[in-house]
Amino acid sequence: MERPLFVEKPPLTNRGVTPLSDDQKTGVLIDWIRASYPWSEPLLKLGAGEYSSRAQAQLIADQLMIHDLTVTDEPSYRSPGYDIALKLVPGGSVRWHTERSEQMIGLEFKGEDLQEGRSSTLEVLDLLSSVYLLGGRITRLDLAIDVYGSGMNVLELKNAWDDGKLSTRARDISVIAPETRNQAGQIIHKGRTVYVGARSSEVFLRVYDKGLETGDRYTMGDWVRIELELKGRKADSVASQLLENPEKWTLYAIAVIREFCFTQAVSWYCKAVTSEAVEIKAVPRKETNRYKWLLGNVLPALESELEAQDAIGNDLLAKAYYELVEPYMRISLGVAGNQPSTSKTEK
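It should be emphasised that the depicted structure is a prediction, and the values quoted were computed from it without experimental measurement. (Residues numbered from 1 in each chain as written. Predicted model: local features only at pLDDT ≥ 70, side-chain atom pairs only at ≥ 80, totals over all residues. Heavy atoms only, no water.)

Another point: the overall build of the protein chain. For the protein chain, the count of helices and strands is 11 helices and 15 strands. Residues classed as buried in the protein chain amount to 41% of the 347 residues present. Only carbon and sulfur atoms are counted for the fraction: they give 51% of the accessible area of the protein chain, which is about 19800 Å². (Helix = DSSP H or I, 4+ residues; strand = E, 2+ residues; numbered from the N terminus. Buried < 20%, exposed > 50% of the residue type's maximum accessible area, 1.4 Å probe, protein only. Areas by Shrake-Rupley, 256 points an atom, 1.4 Å probe, with all protein chains shown as cover.)

Chain-level pLDDT for the protein chain is 80 on average; 77% of the residues reach the 70-or-more range. In this model, residues 335–347 is a region of pLDDT below 50 whose contacts with residues beyond four sequence positions or in other chains number nine contacts. (pLDDT = per-residue confidence, 0-100. Contact = heavy atoms within 4.5 Å.)

A separate point is the packing of aromatic side chains. Aromatic ring pairs are described here by two measures, namely the spacing of the ring centres and the angle between the planes. Summed over the entire model, instances satisfying the criterion amount to three aromatic pairs. On the basis of an interplanar angle of 15° and a centroid distance of 5.6 Å, the ring pair of Y195 and F204 is categorised as stacked. Over the ring of W32 we find R140; its NZ or CZ atom is 3.8 Å from the centre of that ring. (Phe/Tyr/Trp six-rings, centres within 6.5 Å; stacked < 30°, edge-to-face > 60°. Lys NZ or Arg CZ within 6 Å of the ring centre and 35° of its normal.)

The next subject is the pairing of strand β12 (residues 193–196). For strand β9 (residues 173–176) and β12, the ladder comprises four bridges, and the chain directions are antiparallel. Among the inter-strand pairings, I173 is bridged to a residue of β12, identified as V196. In this sheet, strand β13 (residues 203–209) lies alongside β12 in antiparallel orientation, the contact comprising four bridges. Residue pairing for β13: T193 is matched across the bridge by Y208. (Pairing = 2+ DSSP bridges.)

Running from amino to carboxyl end, helix α4 (residues 124–133) crosses helix α7 (residues 232–244) at an angle of 115°, the nearest separation of the two axes being 10 Å. Crossing of α4 against α7: the hand is left-handed. Within the contact between the two elements, α4 uses L125, L128, S129 and Y132 and α7 uses D236, A239, S240, L242 and L243. For the contact of α4 with α7, the per-class residue count stands at six nonpolar, two polar and one charged. (Axes fitted to C-alpha atoms, helices over the stretch in contact; angles between N-to-C directions. Left-handed = near helix turned anticlockwise from the far one by under 90°. Nonpolar A, V, L, I, M, F, W, Y, C, P; charged D, E, K, R; others polar.)

In this section: the pairing of strand β6 (residues 105–109). Counting buried positions over the five residues of β6 gives five, a clear majority of the element. By the alternation rule, side chains of β6 split into I105, L107 and F109 and G106 and E108, which are all buried. Of the strand pairs in this sheet, strand β2 (residues 24–37) and β6 are connected by five bridges, and their pairing is antiparallel. Counted as the bridge partner of R34 is E108 from β6. With three bridges joining them, strand β5 (residues 93–96) and β6 adopt antiparallel strand pairing. Paired with S93 across the two strands is E108, which belongs to β6.

What follows covers a nonpolar patch on the surface. A grouping of L295, L299 and Y321 is seen on the molecular surface, where their side chains present a nonpolar patch of about 250 Å² in accessible area. By the secondary structure assignment, L299 is in helix α10 (residues 289–311). Judged by relative accessible area, which is 41%, L299 ranks as partly exposed. (Patch = residues over 30% accessible without salt bridge, like charges linked within 9 Å, V, L, I, M, F, W, Y side chains within 5 Å. Salt bridge = Lys/Arg side-chain N within 4 Å of Asp/Glu carboxyl O.)

Think of it this way: side chains of opposite charge can pair up when their charged atoms draw near. Counted by the stated rule, this structure contains 16 salt bridges. Of the charged contacts, one joins E229 and R140 as a salt bridge, the two residues approaching to 3.3 Å between their closest N and O atoms. Linking E229 in strand β14 (residues 223–231) with R140 in strand β7 (residues 137–148), this pair joins segments that are 89 residues apart in sequence. Taking the relative accessible area as the measure of exposure, E229 reaches 2% and is therefore buried. R140 sits in the buried class, given a relative accessible area of 5%. Note that E227 and R225 form a salt bridge whose closest N and O atoms lie 3.8 Å from each other. A network of salt bridges, in which partner residues are shared, links D31, R140, D142, D146, R199, R206, R225, E227, E229 and K231.

Looking at α4, one finds that the buried residues are V124, L125, L127, L128, S130 and V131. Of the residues one or two after α4, G135 is the one with positive phi, at around 80°.

Further remarks concern helix α8 (residues 249–260). Because an α-helix completes one turn every 3.6 residues, residues spaced three or four positions apart along the sequence face the same direction. A rise of 1.5 Å per residue sets the reference length of α8, with its 12 residues, at 16 Å; its end C-alpha atoms lie 17 Å apart and thus fit the reference within 8%. Counting buried residues in α8 gives 11 out of 12 residues, a clear majority hidden from the surface. Regarding α8, the residues found buried are W249, T250, L251, Y252, A253, I254, A255, V256, I257, R258 and F260. (Expected span 1.5 Å × (residues − 1).)

Two quantities define a packed helix pair, namely the angle between the helix axes and the distance between the axes. Running from N to C, α7 and α8 cross one another at 150°; their axes reach a closest spacing of 9 Å. In this view, α7 runs roughly antiparallel relative to α8, as classed from their interaxial angle. Taken together, the residues of α8 that come into contact with α7 (itself represented by K234, V238, Q241 and L242) are W249, Y252, A253, V256 and E259. Tallied by class, residues from the contact of α7 with α8 come to six nonpolar, one polar and two charged. (Parallel < 35°, antiparallel > 145°, perpendicular 65-115°, else oblique.)

Here's what the structure looks like:
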């Protein structure tokens, strides 16, 4: 059978293809972006109704055109929480609710949308940057490594897991291997997929036969995709760190995948996720409801009471407050050699 052409000319990715060895090449790409950003001041001034819907669309279109995106009149998939969804050019979609300004404007770019964007003036990293310029955040980010070679078997990852040789924070792993039969009754393999982790979690990995999934004339094991799906705060944290060093974003993307799932027992996988070491920052701590309550309710109330007590010359509350927080202030300011001046055991 004639050899597929991907070894010499693999499909387009964000930054081309890097040879790993004589028989294996790889390409790194961003394969999905979902984002949201707040309404602008002009949008907030518009009222409800059919006219405002058209006016809203025009304002959103004008804003996105600054970032190399154009809003079309063609409807797109409308997810829950929105009443309008329109397609973008060169790719993607925008959605919003015409009467709920508290609902942020949503942007989504799937793999095929980003593929279109890479063939135009729209760069994927510029797209991420634009979201932040609009005051938004990234809510989903898929990072992928396409591996081109021969004889790669994604089930080797499951075997490594079973043998205790797969390092990952995930608690489970599963395999899907769909098959169909042609008119002659022959079994047709549709490729295999290994899932590492739970789809509902913030970090989820899938490794599958991309060549067979696309329907191109690839045989099993010729083109494998390693795809990490990030959601929520993890997606936003990784996206912002990609932009901190754009010249090395592919190394960072590989490192994020390697941090989540690594094994030396599967040679082609090990080669694909091995790269120069880069620092991966921890996801910022989420502000809990209790923390919001302390800052938003308790602290203002305490400040008000301190002012009232000071007005009548009573400093008992102020002294008690100072004794409580002074040890922690000394620690946070880095005052060396000083211990808290009071303790509960001394009182």
